[in-house]
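# Architecture and fold: a report
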Amino acid sequence: MARDRSAMESAELTAVLDALDDADARAIIRGLEEPMTASEISETCDIPLSTTYRKLDLLTEAALLAEGTQIRADGHHATTYEVAFDEVRIALDEERYFDVSVGRPERTPEERIADIWTQVRRET
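Residues numbered from 1 in each chain as written. Predicted model: local features only at pLDDT ≥ 70, side-chain atom pairs only at ≥ 80, totals over all residues. Heavy atoms only, no water.

Looking at an unreviewed UniProt entry, one finds the chain named Helix-turn-helix domain-containing protein and attributed to Haloferax marinisediminis.

## Here we look at the pattern of salt bridges
By the definition in use, this model includes two salt bridges. For the salt bridge of D22 with K55, the shortest nitrogen-to-oxygen distance reads 2.7 Å. Of the two residues, D22 sits in the loop between α1 (2–21) and α2 (23–31) while K55 sits in helix α4 (residues 49–61), which places them 33 residues apart along the sequence. The exposure classification of D22 matches that of K55, with both residues buried. (Salt bridge = Lys/Arg side-chain N within 4 Å of Asp/Glu carboxyl O. Helix = DSSP H or I, 4+ residues; strand = E, 2+ residues; numbered from the N terminus. Buried < 20%, exposed > 50% of the residue type's maximum accessible area, 1.4 Å probe, protein only.)

## With respect to the sheet that holds strand β2 (residues 65–70)
Strand order in the open sheet formed by three strands is β1-β3-β2, and the pairing between neighbours is antiparallel. Only two strands of the sheet have a single partner each, and these edge strands are β1 (36–37) and β2. Direction of pairing for β1 relative to strand β3 (residues 78–83): antiparallel, over a ladder of two bridges. Of the residues in β3, the one forming a bridge with T37 is T80. Contacts from α4 reach β2 and β3 within the one sheet, and its direction differs from that of β2 by about 115°. Running at roughly 80° to β2, helix α5 (residues 109–123) makes contact with β2 and β3 of the sheet. (Pairing = 2+ DSSP bridges. Contact = heavy atoms within 4.5 Å. Axes fitted to C-alpha atoms, helices over the stretch in contact; angles between N-to-C directions.)

In structure tokens, the structure reads:
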């Protein structure tokens, strides 16, 4: 059991720390005041688009960004990204394992519906 917990702890901790240790990823977090597409983020943060996509993957895998969908009349919907946390805490628990917690803001009903739409889009 300790080995499984240690592996989970390590993967989650590593993902969060790797994302926050990256200067471009931090620039993206700072620049995301509202949901944006990858192209908008690239332009706002002055980061090449190919690099932006890699950093967005890094941040979403660490659960620090949330993906959404921008519905367009022409049917070519776009993926948007927004910051999905208020704080990150790293602490030692009673058994001396690192406990990583990511504080998340409350989601409105509209945001929860958008999350469902995004999930459906991924599965189809």
